[in-house]
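Letter by letter, the chains look like this.
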Amino acid sequence: MKRRITAVISVALMACALTPAGSVVASPASEVLARYLDAPLPNRDASHGVGAPNPDLPHRSSQIRPLLAQARSEGLAPARYGALLYTYWLVRTTEKAGIDLAQWNPRAGASANLTNLERSYRYYEDLQLAHRELRWAGMAGQVGADFGGGLIDLELGGRVFEISRLQPVMAEIVRRSSAAGGDRAVAALPAGVRALAEVGATITPADITAVIGQILVMQKNIFGDLMPLHTAYVDGGLDVVRELVRTGLYPTDVLDAFTDIASGDASRISAGNGALLRREQETVVARQWDETRAYRAPVGEALTYASTIVGSPSVAGVRPMRAHRPYDVTTRVTGRTVRVTTPLPSWNWSVFVSRWEYINAELLPKYEWQVAHNWDALAAYMRTPYDRQLQQHRVLFNLGPLAQSILDQTKVTVK
C-alpha cells in the first residue's frame, strides 16, 4: 500500500514539474467549451441563412447545458459564451414548441412554413394562458393568425392573380382624381393607390414569392429575438434574462422591460410589454419592412399597401387597418377645391411611424382591455386549435366584394 501511495505521489510531482508555473491543465470539458467561446451568430438575422443562428454550435439543449455550466464554473464573462447561451434558450424554445430549427427556412414560402407558423404562435398563446403578465406573447399569438392566414391567401392569390382585382379600382380612383384636379390631385393620393393602379395587374408569382419570403424572414426574426427571452424568463426568472443581457446580445432596456413585467404592478406590466412590442416593430423588423416596401419599386409599395387594405387584426374591438385614418384630402387646383374621400388607408403598414401609431391607437389598448376585463373570453379563444384560428382569417378571396365597396364609397367633389 505504501509503495502504491508513493508511486501516485511521484507521478503527481512529475506532472507538476512538467507543467509551467501558473498554467492550468485543461479538462476535456474545457477543451470542448473553448471551441465555442466568442462564436459568431451569422444567421441571427434569418435573411442570411437557413436554420440555427450558428449551424456549427450544438443542436440540442442537452448538449449545450453542460457547456454553460462549465463556462459559469470557470467564471467566464457572459460575452465569451454569449452565442452558446443565446442558442441554448432559442433551442429550448423550439424544442418546447415542436419546431425543427435546423430546417426552418422562411424563404420556402407560406405553405411550406405552415407548421412553423402554427406551432410558433401556439407557443405564444400558451405562454399568455399560463402567465397573465406575458401580454406581448398573447397579442402576438392572436395577431399571428391574421398574419398567417393572410400569407396563405397571398401565396394562393398570387398564383391565380387574385391581387389584380384591386388594380381597376385603384386605376379608377386615379382617373377620377386626375379628371377633377389633374396631376396635383393624383400626387396627393397615397403612394400605394398609385402603385396598385400602375402595376397591380402585372405583379407576378415571383414577386409574390419574394415578398412572402421576406415577411416570413421577419416572422422568424421576431421569434428568434423575443422568444428566447420569454422562455428564459419562464424557466429561470430575471436572473437568466440578466445573464442574456450581459452577453451584449440584448440592450439593458430589455431587462428593464422584464423587470416591469415581473413587478406585479398593472401599469408597469403594461409598460414592459409595450417596450417589447416597440423593440419588435422598430429594432427587429423596421428595416426589413422598408426593404420589402422598396422591392422592385413600385411592386413592393403596391403589395404592402394591399396588405394594409385587407389587414384586420382579430383582437376584439380593433378596427381594420383601412378604417384607421382613411384618406380624405382637399387640394387647391387653379382656383378650385378638389376633395377626394375614400375608405382606403392614408398610410402603409410597412412604414414604422404609421404602424406604431396604429398599434398604440388600436392593438395595445384594446388587447390590454381584453386581458383586464374579458379574460375568460380571450382565454377561450386562445384555447381554440391554432389551425382553426388561422383558417378563420383567410381574407384575400373577399377582395372582389371589398374592392367594389371601396369604389362605391369613393367620392370626388369639386368646388
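Residues numbered from 1 in each chain as written. Predicted model: local features only at pLDDT ≥ 70, side-chain atom pairs only at ≥ 80, totals over all residues. Heavy atoms only, no water.

With that settled, the discussion passes to empty space enclosed by the protein. Here the structure, examined in full by the defined rule, presents three cavities of 30 Å³ or more. Looking at the largest cavity, its volume works out to about 860 Å³. Lining the largest cavity are 40 residues, and of these Val143, Phe147, Trp289, Met321 and Trp349 sit closest to its centre. Of all the elements in the fold, those that place two or more residues in the lining of the largest cavity are α5 (114-130), α6 (135-159), α9 (205-236), α12 (266-284), α14 (299-310) and α15 (352-373). When residues in the lining of the largest cavity are grouped by element, the largest group, 10 residues, is from α6. Roughly 90 Å³ of internal volume is contained in the second largest cavity. Lining the second largest cavity we find 13 residues, and of these Arg44, Pro53, Leu90, Lys220 and Gly224 sit closest to its centre. Secondary structure elements with two or more residues in the lining of the second largest cavity: α4 (82-97) and α9. Ranked by residues supplied to the lining of the second largest cavity, first place goes to α9 with four residues. Split into classes, the residues belonging to the lining of the second largest cavity amount to seven nonpolar, four polar and two charged. (1 Å grid on protein atoms, 1.4 Å probe; cavity = no way out; pocket = protein on both sides within 12 Å on 5 of 7 lines; lining within 4 Å. Points joined across faces, edges and corners; volume = space filled by probe spheres on them. Helix = DSSP H or I, 4+ residues; strand = E, 2+ residues; numbered from the N terminus. Nonpolar A, V, L, I, M, F, W, Y, C, P; charged D, E, K, R; others polar.)

Here strand β1 (residues 326-333) runs beside strand β2 (residues 336-345); their pairing, made up of eight bridges, is antiparallel. Of the residues in β2, the one forming a bridge with Arg332 is Thr337. Here β1 folds back onto β2 in antiparallel fashion, the turn holding two residues, of which Thr334 has a positive phi close to 40°. Strand direction decides the pairing type here: β2 and strand β3 (residues 411-414), joined by four bridges, are antiparallel. Looking at the pairing, Thr341 lines up with Lys411 of β3. (Pairing = 2+ DSSP bridges.)

On to the packing of α12 against α15, then. Taken N-terminus to C-terminus, the directions of α12 and α15 make an angle of 150°; their axes are 11 Å apart at the nearest point. Classed by the angle they form, the pair α12 and α15 counts as roughly antiparallel. As for the relative orientation of α12 and α15, their crossing is right-handed in sense. Along its contact with α12, which presents Ser270, Gly274, Leu277, Arg278, Gln281 and Glu282, the element α15 presents Phe352, Arg355, Trp356, Ile359, Leu364 and Glu368. Tallied by class, the residues present in the contact of α12 with α15 amount to five nonpolar, three polar and four charged. (Axes fitted to C-alpha atoms, helices over the stretch in contact; angles between N-to-C directions. Parallel < 35°, antiparallel > 145°, perpendicular 65-115°, else oblique. Left-handed = near helix turned anticlockwise from the far one by under 90°. Contact = heavy atoms within 4.5 Å.)

Moving on, we get to the confidence of the model for the protein chain. Confidence in the prediction of the protein chain, expressed as mean pLDDT, is 90, and 90% of residues score 70 or more. When the criterion is pLDDT under 50, residues 1-26 qualifies, and its contacts beyond four places in sequence or with other chains add up to two contacts. (pLDDT = per-residue confidence, 0-100.)

Put simply, Ala297 and Pro298 share a cis peptide bond, and its omega is 5°. Within the fold, Pro298 resides in the loop between α13 (286-293) and α14. For Asp38, which is not glycine, the phi torsion reads 60° and is therefore positive. Within the secondary structure layout, Asp38 lies in the loop between α2 (28-34) and α3 (61-73). The residue Thr334 is not glycine, and still its phi comes out positive at about 40°. The residue Thr334 is located in the loop between β1 and β2 in this model. When its relative accessible area of 72% is taken as the criterion, Thr334 is described as exposed. (Buried < 20%, exposed > 50% of the residue type's maximum accessible area, 1.4 Å probe, protein only.)

Below, the discussion takes up the sheet that holds β2. Taken in spatial order, the three strands line up as β1-β2-β3 in an open sheet, and their pairing is antiparallel. Every other strand in the sheet has two partners, leaving β1 and β3 as the edge strands with one partner each. Along the sheet, successive strands turn relative to each other by an average axial angle of 15°, direction set aside.

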